[in-house]
Amino acid sequence: MRGLAVFISDIRNCKSKEAEIKRINKELANIRSKFKGDKALDGYSKKKYVCKLLFIFLLGHDIDFGHMEAVNLLSSNRYTEKQIGYLFISVLVNSNSELIRLINNAIKNDLASRNPTFMGLALHCIANVGSREMAEAFAGEIPKILVAGDTMDSVKQSAALCLLRLYRTSPDLVPMGDWTSRVVHLLNDQHLGVVTAATSLITTLAQKNPEEFKTSVSLAVSRLSRIVTSASTDLQDYTYYFVPAPWLSVKLLRLLQCYPPPEDPAVRGRLTECLETVLNKAQEPPKSKKVQHSNAKNAVLFEAISLIIHHDSEPNLLVRACNQLGQFLQHRETNLRYLALESMCALASSEFSHEAVKTHIDTVINALKTERDVSVRQRAVDLLYAMCDRSNAQQIVAEMLSYLETADYSIREEIVLKVAILAEKYAVDYAWYVDTILNLIRIAGDYVSEEVWYRVIQIVINRDDVQGYAAKTVFEALQAPACHENLVKVGGYILGEFGNLIAGDPRSSPLVQFNLLHSKFHLCSVPTRALLLSTYIKFVNLFPEVKTTIQDVLRSDSQLRNADVELQQRAVEYLRLSTVASTDILATVLEEMPPFPERESSILAKLKKKKGPSTVTDLEDTKRERSVDVNGGPEPTPANTSAVSTPSPSADLLGLGAPPAPAGPPPSSGGGLLVDVFSDSPSAVAPLAPGSEDNFARFVCKNNGVLFENQLLQIGLKSEFRQNLGRMFIFYGNKTSTQFLNFTPTLICPDDLQRTRLNLQTKPVDPTVDGGAQVQQVVNIECVSEFTEAPVLNIQFRYGGTFQNVSVQLPITLNKFFQPTEMASQDFFQRWKQLSNPQQEVQNIFKAKHPMDTEITKAKIIGFGSALLEEVDPNPANFVGAGIIHTKTTQIGCLLRLEPNLQAQMYRLTLRTSKETVSQRLCELLSEQF
Amino acid sequence: MLLFSRQGKLRLQKWYVPLSDKEKKKITRELVQTVLARKPKMCSFLEWRDLKIVYKRYASLYFCCAIEDQDNELITLEIIHRYVELLDKYFGSVCELDIIFNFEKAYFILDEFLLGGEVQETSKKNVLKAIEQADLLQEAIACEASVITLTVSQITLK
């Protein structure tokens, strides 16, 4: 086609874009006139012009004619004309229905022609266009061509891939049938090209219809085994740079990844042998220095490793795979380092190889520091995240933080999220967590999304042991002359809630705190200022001494007449509130925030959204998912609940939108109005919810938190006890978007006799709970005399037509009525001796269930309710405590001693009280805690 | 699969998923920019949207494939290489100009090698055999055509 070549060189000689367009327009006009001319064009000219149009289109210009001529070419008997016609259609097809019918007709003729080259062209066209109309016309026909005995090999190959393409666009139009079993047998075909094409088809079909193609597993294994054990010359032209059939091997390994490990031991053994051979070959010296040789070999190796990871059942292979990848981590080829990091991420989530992956931590950290390619560094970050667990969290988080200072802007936000998640997940020590997050804000404040700082606040509020530390730390961080606005937000919020915890120190007295925050005020954006105003009003409640200072600030024109309506409104309302409200009302309105319900971390949800769920599942998640079937454990929370757990921006952060629960009536007054909950016994009470005992145990040493959670319902608790009285707020949260009807929580004491020991009173709650809403119930508790069993909370309701029945133990335990007693060493031992009657002492020796950490143990003993007495026991490693259990009828003094044995990982716990049952119960409760 | 020159000129494009022309142009622009910006020592894989891009440079041409997350990167790199080998064998030491002037051949070879985004035939011999057969058909027709012209001229002579 000389005309075409001339035209192409003309275009190439064009000096400017304008000249090119001019030349093209000239040619288009020429072609148009030729097509429209009276003289019928011969096939050659038609082909030439269609080819020119195609070239023009590929240059990036629009073509709006010539389709008809191309379709005409399809029915030509000349191969080259037909070929160009098909090429034009494949490249330029649009769903012009008139044309499609003509095209389909031409294809139909060619498929029926029994001329393999024509059939090939037709099949290529279907595969290239792959439209629904084509699927409708040919999805029934192609399987027949594929499995017919007399079809040529090359046509079979095209037919297999053509069918695959149609299945991808319109799976509903490709009917499964008896052809499927014959397709599976193509895996045994003599012709490796046919096997390759068939494997692609089977892999895709098997993903959706695993049952139908189950027999392909053993065939694939035997085919694979023949390939990997063959000498490099056996497969002739299918050997690629000394690697036997790499494409086919990769495809077979992919196919096997659609299935679990083979059940038949012989097949399984053969597959394991294959995988071992592949791993062995990686250790052999290369047969060629060419990169193609190593690429092909390693392509098979990586696919084999993917299969090993997918099966996740052969510890030996997993560890070998990990060692192999470890070698690649230091390879000079960037590509291999990249892939090794990527594959290792998957290995890290297998329990068999997690430890082996961890041994490479230094190499990975080094990669993070030295790799020149950001996409490789990104992989290193992912791997560090995946290999992180409690043992190396501190190191990994520290490395990620230091990398963050120089990290590429494109991946900073993701690193921030990862650090925040790891810090939270593996925090043994919440002070470390708070430090980490504050560092995060300092280093990369701009990349710290709202979720991250919301989360640190949620955690600080929910954990009373870290509040003082958090207040102190934010106060110090705020001293920096320039600090990020996010830090001001966190600082404002935390000081507003817990500033009182550090107010005793003159260096951080209320006024100093206020001045510090206010010095940042004018540099901040409106939402932050709004938040700070709320902090100020909280200060008015916490520190009456700065009230006038704050009122002056609120009263100033820049607040009261602020152009921003939100700020103005807050200033006006807060000023008014601080002037008219009595201290009691102030204290109620501005009470400390109730704990946040514990849900899936909103940061995790964000990361999942960002990266797709597969990338963030880690070892624990996988384990949890596995255990779901076994014990019906918690379902993975749907990501959208995170929207609920995320507090809405600044305006409501301090809970002013939803004021804290009003205090319930004191137990002494209005008793007559209270409904005795025990009077109507429930129809049927569900057995205790799974996991409820664990939750129960967690509450022995703490008063607030989430008691129960499933997909529908969350139950949170907040309780306070004083002497023999207590009050418990139970929060029922509807996690769904549908109403709960006939919602009836009932309190049940297991033994009726207990009513004389424990007196519980409450009011019924509203029987409807709206979707997403929370209702609360107040339980007033009176301990009449000592008790052992805990009451059960039974909840019954209707959700979308089904009846739900849940029971959980309510953590009202004897130790809640402890009052700590401080005493000196001498007194302690004197009383200890007084209680030497054998019935008064209960001792338990038990194995540690948690890491033996002194600080945690101390916190638990204090949480248990007794005083922790320092410098009493001659052995400083031991813990001693003392307290008095208050009941209505009597008071019982208690002494306890806990002796840890680090070598044996055991504890000995001794309780001495004046009552045997009390000693017994307290010992049981406390033993469960360590 | 995209083929483009160092100057960012697109030489060959093959789409295995249905997209509108507008989207194709947008994707092409974006990918060409990203790949050209990368330095020689960097790795041949990069994440792009939810796909992975595998690319390799041969002389002045970049060959670039988009694959899915689970697909094997290294084998894709060798798909590119095998295609280059096929072009090389067919044209006899291929250069960018061969692909420009014989773009239709480049497409035909690609169709014999890859179909619907999957490898159809990995044997170099078999692919080239198919293409050569087609060429033979073409030459036979050319012969026929010259015979016809000859006859015509003979007729006019008479």
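Quantities reported herein were computed from a predicted structural model and do not represent experimental measurements.

Calculation criteria
- Residues numbered from 1 in each chain as written.
- Chains lettered and ligands numbered in written order.
- Predicted model: local features only at pLDDT ≥ 70, side-chain atom pairs only at ≥ 80, totals over all residues.
- Heavy atoms only, no water.
- Helix = DSSP H or I, 4+ residues; strand = E, 2+ residues; numbered from the N terminus.
- Contact = heavy atoms within 4.5 Å.
- Areas by Shrake-Rupley, 256 points an atom, 1.4 Å probe, with all protein chains shown as cover.
- Core = buried A, V, L, I, M, F, W, Y, C linked by side-chain atoms within 4.5 Å.
- Buried < 20%, exposed > 50% of the residue type's maximum accessible area, 1.4 Å probe, protein only.
- Domains from an automatic or database assignment.
- pLDDT = per-residue confidence, 0-100.
- Pairing = 2+ DSSP bridges.
- Axes fitted to C-alpha atoms, helices over the stretch in contact; angles between N-to-C directions.
- Buried area = accessible area lost by both parts, 1.4 Å probe.
- Salt bridge = Lys/Arg side-chain N within 4 Å of Asp/Glu carboxyl O.
- Polar contact = N/O pair within 3.5 Å; in protein donor to acceptor, adjacent residues only side chain to side chain.
- Phe/Tyr/Trp six-rings, centres within 6.5 Å; stacked < 30°, edge-to-face > 60°.
- Lys NZ or Arg CZ within 6 Å of the ring centre and 35° of its normal.
- Parallel < 35°, antiparallel > 145°, perpendicular 65-115°, else oblique.
- Nonpolar A, V, L, I, M, F, W, Y, C, P; charged D, E, K, R; others polar.
- Left-handed = near helix turned anticlockwise from the far one by under 90°.

**Re the overall build of chain A**
Secondary structure summary: chain A contains 40 helices and 16 strands in total. Across chain A, the fraction of contacts at a sequence separation of at least 24, relative to all contacts at a separation of at least 6, is 69%. Summed over all atoms, the accessible surface of chain A reaches about 40700 Å², with 51% contributed by carbon and sulfur.

**What about the nonpolar core?**
All names here are of chain A. Counting 265 residues, the largest nonpolar core has Ile 107 and Leu 440 as its most contacted members. Among the domains, domain 1 (1-66) and domain 2 (388-590) are the pair contributing at least three residues each to this core. Among all residues touching Ile 107, those that are not within four sequence positions of it are Tyr 86, Ala 122, Cys 125, Ile 126, Met 134 and Phe 138. Judged by nonpolar contacts, the second largest core, of 59 residues, contains Phe 699, Phe 740, Ile 781 and Leu 922.

**Remarks on the confidence of the model for chain B**
It should be kept in mind that the predicted coordinates are not to be read in detail where pLDDT is low. All names here are of chain B. Here chain B shows a mean pLDDT of 79. Residues at 70 or above account for 82%. For chain B, helix α5 (residues 124-157) is the element with the lowest average pLDDT, namely 57, and helix α2 (residues 73-91) is the one with the highest, namely 91. Predicted confidence is poor over residues 142-158, with pLDDT under 50, and the contacts of this stretch with residues over four places away or in other chains come to one contact. Our summary of model confidence lists the complex with pTM equal to 0.64 and ipTM equal to 0.85.

**Digging into the sheet that holds strand β3 (residues 705-709) of chain A**
Residues and elements named next belong to chain A. Pairing is antiparallel across the open sheet formed by five strands, whose spatial order is β3-β4-β5-β8-β7. Only two strands of the sheet have a single partner each, and these edge strands are β3 and β7 (758-762). Between one strand and the next, the sheet's axes are offset by a mean angle of 25 degrees, whatever the strand orientation.

**Topic: the interface of chain A and chain B**
Counting residues at the interface gives 66 residues for chain A and 54 residues for chain B. Both sides of the chain A and chain B interface together cover about 5300 Å² of buried area, and 56% of this is carbon and sulfur. It is Leu 58, Asp 237 and Trp 247 of chain A that lose the most area in chain A upon contact with chain B, and together they represent 13% of the buried surface on that side. Applying the counting rule to chain A against chain B returns five salt bridges. Linking chain A with chain B are 28 residue pairs in polar contact (both at pLDDT 80 or more).

**A closer look at the pattern of salt bridges**
For the structure on display, the rule yields 46 salt bridges over all chains. In this structure, the salt-bridge partner of Glu 782 of chain A is Lys 888 of chain A, at a minimum N-O distance of 3.7 Å. Of this pair, Glu 782 of chain A sits in strand β8 (residues 774-783) while Lys 888 of chain A sits in the loop between β14 (879-886) and β15 (891-901), and the two are 106 residues apart along the sequence. A relative accessible area of 55% places Lys 888 of chain A in the exposed class. In this structure, the salt-bridge partner of Glu 870 of chain A is Lys 858 of chain A, at a minimum N-O distance of 3.9 Å. On the criterion of sequence distance, the pair formed by Glu 870 of chain A in the loop between β13 (867-869) and β14 and Lys 858 of chain A in helix α39 (residues 854-864) is long-range, its members being twelve residues apart. Connected via shared salt-bridge partners are Arg 379, Asp 382, Glu 414 and Lys 418 of chain A together with Glu 47 of chain B.

**Observations regarding unusual backbone geometry**
It is generally the case that most residues other than glycine have a negative phi and that most peptide bonds are trans. Residues and elements named next belong to chain A. Even without a glycine there, the phi angle at Arg 114 is positive, about 65 degrees. For Arg 114, the position within the fold is in the loop between α6 (97-112) and α7 (116-129). With a relative accessible area of 64%, Arg 114 lands in the exposed category. Even without being glycine, Gln 905 reaches a positive phi, approximately 55 degrees. Within the secondary structure, Gln 905 is located in the loop between β15 and β16 (906-913).

**Examining the environment of Asn 323 of chain A**
Residue and element names in this part refer to chain A. Residue placement: Asn 323 occurs in helix α17 (residues 315-328). Residue classification places Asn 323 among the partly exposed residues on the basis of a relative accessible area of 42%. Put simply, Asn 323 and His 360 are 37 residues apart on the chain and 9.2 Å apart in space, counted from C-alpha to C-alpha.

**A short note on the sheet that holds strand β9 (residues 792-799) of chain A**
Residues and elements named next belong to chain A. With antiparallel pairing, three strands are arranged side by side in an open sheet as β6-β9-β10. Each having just a single partner strand, β6 (740-748) and β10 (802-809) make up the two edges of the open sheet. Each adjacent strand pair in this sheet contributes to an overall mean axis angle of 15 degrees, direction not counted. Pairing of β6 with β9 involves seven bridges; the strand directions are antiparallel. Bridge pairing in β9 links Pro 745 to Ile 795.

**Regarding the packing of aromatic side chains**
Residues and elements named next belong to chain A. Evaluation of the coordinates by the stated rule reveals 30 aromatic pairs over all chains. Above the plane of the ring of Tyr 385 lies Lys 418, whose end atom (NZ or CZ) is 5.3 Å from the centre. Sitting over the face of the ring of Phe 699, Lys 702 holds its NZ or CZ atom 5.4 Å from the ring centroid.

**Quick look at the environment of Val 32 of chain B**
Residues and elements named next belong to chain B. Along the chain, Val 32 turns up in helix α1 (residues 21-36). Relative accessible area serves as the criterion here: at 10%, Val 32 is assigned to the buried category. The sequence separation of Val 32 and Tyr 62 amounts to 30 residues, and the corresponding C-alpha distance is 9.0 Å.

**With respect to the packing of helix α16 (residues 291-311) of chain A against helix α18 (residues 334-348) of chain A**
Residue and element names in this part refer to chain A. At a closest axis distance of 10 Å, the pairing of α16 and α18 adopts a crossing angle of 10 degrees. Accordingly, the angle class assigned to the pair α16 and α18 is roughly parallel. When α16 is examined against α18, the residues Asn 298, Phe 302 and Ile 309 are found in contact with a partner set consisting of Leu 336, Leu 339, Ala 340, Ser 343, Ala 346 and Leu 347. When its residues are assigned to classes, the contact of α16 with α18 shows seven nonpolar, two polar and no charged.

**Side note on the pairing of β10 of chain A**
All names here are of chain A. Two elements, β9 and β10, share eight bridges in a ladder whose sense is antiparallel. Across the sheet, Asn 794 pairs through a bridge with Ser 807, a residue of β10. From the end of β9 to the start of β10, which pair antiparallel, there are two residues, and Gly 800 there has a positive phi angle of about 50 degrees.

**Regarding the environment of Ala 356 of chain A**
In this structure, Ala 356 of chain A sits in helix α19 (residues 354-358). Taking C-alpha positions, Ala 356 of chain A is 6.6 Å from Cys 322 of chain A, a pair spaced 34 residues apart along the chain.

**Concerning the packing of helix α27 (residues 485-498) of chain A against helix α28 (residues 510-521) of chain A**
All names here are of chain A. At a closest axis distance of 11 Å, the pairing of α27 and α28 adopts a crossing angle of 150 degrees. Taken together, the axes of α27 and α28 are roughly antiparallel relative to one another. Crossing handedness for the pair α27 and α28: left-handed. For the pair formed by α27 and α28, the contact residues are Val 488, Gly 491, Gly 492 and Leu 495 on the first element and Gln 513, Leu 517 and Lys 520 on the second. In terms of residue class, the contact of α27 with α28 is built from three nonpolar, three polar and one charged.

**Here's the deal with the side chain of Asp 389 of chain A**
All names here are of chain A. If you trace the backbone, Asp 389 turns up in the loop between α21 (374-387) and α22 (393-404). Asp 389 sits in the buried class, given a relative accessible area of 14%. Those residues within four positions of Asp 389 in sequence are excluded, and the remaining contacts are His 354, Glu 355, Lys 358 and Tyr 426.

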